[in-house]
Structure formats: C-alpha cells, structure tokens
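Fold and contact review
Below are the chains, spelled out letter by letter.
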Amino acid sequence: VESLCHELLDEAEKLGSVDLMTAYSRPVPTRVIAEMVGVPDRDVRRLKDSLRVLSRGFSGWNVLRTLVWDLRKTAAFMRQLIEDKRREPGDDILSELIQAEEEGDRLDDQELVSMLFLLIVAGFETTLHLITNAVQTLLTHPEQLARLRADPALMESAVEEIIRHRGPIHGTKAQYASEDLTLHGVAVPRGSAIMPLLGAANHDPAVFDNPDDFDIARSPNRHLGFGFGMHFCLGAQLARMETRVALRCLLERSPSLRLAVDPGELRIVNAPGWHRYARLPVALA
C-alpha cells in the first residue's frame, strides 16, 4: 500500500492541485481490491467501471440504469473472472473461495458472485470516503493537523477519531423489533422498523465527553463507525490500515497541504446514511 501511495503522489505532485478523491482516495482501495481478488492488469479498467456502478447508489434516476444495464455488466464481468480463476487459480481470495469446501460442498457461481460483491463493497466504498473525510477533517482543524504532524505516533488514534467524528457511514439498513419494547419512553411495537443512526451514536454526550470536539488523542473512543457485534464491518481492519498509510504518506510528502477551495464550497453528496463529498480539491505544495 505504501509503494502505491507514493506512486500516486508522484503523479499528483506533477499537477500541484488535484481532486484528492480522483487522484488518491479512489485509486488506493481500487488497486488493493484488484490485488486481493486477483484481477489481472488487463481487467483493472473493468474493475474500476464495476466499482463506479456499485458506488453510484440506487437512488433517483440512477436506479433504472443501474439495475437494468450496469449491474448486469458488472455481474457478467465477475462471472468471467470466476471462470478464469477456475481455469488458472492464483494466490488470491477469489481462488481460495472457489476451492473452499465444507463437508464436500463448494460455493456455486451465484454465491461466488455475491461474495465478490460483498468483498468489493466492504473493501472499497468505506475506504474511499474514509480517506477523503480524513483529509478534509484534518485540513479544517489545523490545530489537530499540526498536533499530528508533531507526533506521528497519534496516527492510529487520529484515524479512530476521524471515524467517530466524521466517518463515512452514518446509518445502516432498517432493523425490525423482534418483540414489543420501550426505548427512552417511546413504545416500539413488535415488527416496527428501526433505523440505527451510527452518526448520532458517535456524538452521544452520554458516551463521549464534548462529542462535537475533534480530538485526535481521544481515549477511550468506543465509536460505532464500523458497526458492532455480528454486524461489524468485514472490511474494517483493511480500511483502517489503508487510511493510516495513505494519510501518513500524504502528510510526509506534502508539508504545505491545503484545501484548494473555500471549505464552504465542498459539496456533501445526497446519499442517505452516508457522509461523503463529491470532490476534495487540494493543493499539494
């Protein structure tokens, strides 16, 4: 990951100012996922197209094009990748899934496609926006950025605080009450839909002192940025590692890193349950 980050920064520095999301945040998890899944170099472009489909979402007018056309192309690409791996397995997760057995049973093609969708979404979407949000948050809190530059050992704690304070996931899919219950004086009948809001939980004053403050040395920091228990995010540790490395390389290489636009010009994408930006223009020098 570190060599990849330096490679991307070599190209970005030639331009001076870039959209960090396009030049850095997106390519990092894309290339990592390609290597993990075993996508050959000739098919990386098709993987990038698939990732764009999965990250565009299923709201508004996009839903018709996504469901009718793009998802079919993405599934066809994945099935072809599975077939290629059956013929020529490699040292990658997809090959291991194809060969995995439990009591003589193996995953069928539909199960393998579903697993690929899960791996890609878990390993790509969160990381893309976590890296972007991390840079935006640090650049809009210059005192905390200076603190991190002065003490790089705070990087792990800083990433955890970014996940809590401005993580990309603010909500989850609806859950349903399995029995009648009362929460904070509100009756919730059995079968009622409940939408957990992780963003609200991560700013709960009953759990966090001064929850709206951004403190890269916050401890304890028992946030729910990646969910909890059996619903904990499959890609959490990978996202954390990639974000730490991407931030460290960026800050080391760009001591004058700054936003290239006024913070008020940054646009948050209208995506329910997410906190993500459309672009992040930055100046590297």
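These remarks concern the structure in this document. Values in this document were obtained by computation on a predicted structure and should not be read as measured data.

Turning next to the packing of helix α1 (residues 2-15) against helix α3 (residues 27-37). As a packed pair, α1 and α3 sit with axes 10 Å apart at the nearest point and diverge in direction by 140 degrees. As judged from the angle between their axes, α1 and α3 are oblique. Seen from above, α1 lies across α3 with right-handed handedness. Every residue of α3 that contacts α1 at Leu 4, Cys 5, Glu 7 and Leu 8 is listed here: Pro 27, Val 28, Arg 31 and Val 32. By residue class, the composition of the contact of α1 with α3 is six nonpolar, no polar and two charged.

A word on the nonpolar core. The biggest cluster of nonpolar side chains holds 43 residues, and the ones touching the most others in it are Tyr 24, Val 135, Leu 148, Leu 247, Leu 250, Leu 257 and Val 282. Looking at this core, the elements with two or more residues in it are α1, α2 (20-25), α3, α7 (109-139), α8 (142-150), α9 (155-166) and α11 (236-253). Among the elements that line this core, the one with the most residues is α11, at nine residues. Those residues in contact with Leu 250, other than ones at most four positions away along the chain, are Leu 9, Leu 20, Tyr 24, Val 135, Leu 257 and Leu 284. Formed by 21 residues, the second largest nonpolar core is a distinct cluster that contains Ala 34, Val 44, Ile 82 and Leu 112.

Looking now at the environment of Ala 34. With respect to the secondary-structure elements, Ala 34 resides in helix α3. With a relative accessible area of 5%, Ala 34 lands in the buried category. Residues Ala 34 and Val 207 lie 173 residues apart in sequence; the distance between their C-alpha atoms is 39 Å. Other than its neighbours up to four places away in sequence, Ala 34 contacts Val 39, Val 44 and Leu 47.

The subject of this paragraph is the pattern of salt bridges. Where charged atoms of side chains with opposite charge meet at close range, the side chains can pair. The final tally for this structure, using the stated rule, is 14 salt bridges. For the salt bridge of Arg 253 with Asp 10, the shortest nitrogen-to-oxygen distance reads 2.6 Å. Here Arg 253, found in helix α11, pairs with Asp 10, found in helix α1; they are 243 residues apart in sequence, far enough to count as distant. Judged by its relative accessible area of 24%, Arg 253 is partly exposed. Arg 87 is the partner of Asp 84 in a salt bridge, and the nearest nitrogen-oxygen pair spans 2.6 Å. Here Asp 84 and its partner Arg 87 are both found in helix α5 (residues 62-87), three residues apart, which amounts to about one turn of the helix. Look at Asp 84 and you get buried, because its relative accessible area is 17%. One continuous salt-bridge network, built from bridges that share partners, spans Glu 2, Arg 248 and Glu 252.

Let us now look at α11. Between its terminal C-alpha atoms α11 stretches 26 Å, which fits the 26 Å expected from 18 residues at 1.5 Å a residue. What α11 keeps buried is the set Ala 236, Leu 238, Ala 239, Arg 240, Glu 242, Thr 243, Val 245, Ala 246, Leu 247, Cys 249, Leu 250 and Leu 251. Its buried side turned inward, α11 meets α1, α2, α3, α7, α8 and α9.

Two numbers describe how α7 lies on α11: the axes approach to 9 Å, and their chain directions differ by 40 degrees. Classified by the angle their axes make, α7 and α11 are oblique. For the element pair α7 and α11, the recorded crossing hand is right-handed. Residue-level contacts link Gly 123, Thr 127, Leu 130, Ile 131, Ala 134, Val 135 and Leu 138 of α7 to Leu 238, Ala 239, Glu 242, Thr 243, Ala 246, Leu 247 and Leu 250 of α11. In terms of residue class, the contact of α7 with α11 is built from 10 nonpolar, three polar and one charged.

What follows covers the environment of Ile 268. Note that Ile 268 resides in the loop between β6 (258-259) and β7 (281-283). Classification of Ile 268 by relative accessible area gives partly exposed; the value is 42%. Residues Ile 268 and Arg 279, 11 residues apart in the sequence, show an inter-C-alpha distance of 8.6 Å. Setting aside residues up to four positions removed in sequence, Ile 268 forms contacts with His 275, Arg 276 and Tyr 277.

Rules and cut-offs
Residues numbered from 1 in each chain as written. Predicted model: local features only at pLDDT ≥ 70, side-chain atom pairs only at ≥ 80, totals over all residues. Heavy atoms only, no water. Axes fitted to C-alpha atoms, helices over the stretch in contact; angles between N-to-C directions. Helix = DSSP H or I, 4+ residues; strand = E, 2+ residues; numbered from the N terminus. Parallel < 35°, antiparallel > 145°, perpendicular 65-115°, else oblique. Left-handed = near helix turned anticlockwise from the far one by under 90°. Contact = heavy atoms within 4.5 Å. Nonpolar A, V, L, I, M, F, W, Y, C, P; charged D, E, K, R; others polar. Core = buried A, V, L, I, M, F, W, Y, C linked by side-chain atoms within 4.5 Å. Buried < 20%, exposed > 50% of the residue type's maximum accessible area, 1.4 Å probe, protein only. Salt bridge = Lys/Arg side-chain N within 4 Å of Asp/Glu carboxyl O. Expected span 1.5 Å × (residues − 1).

Interpretation note: all reported values are geometric properties and have no functional meaning in isolation.
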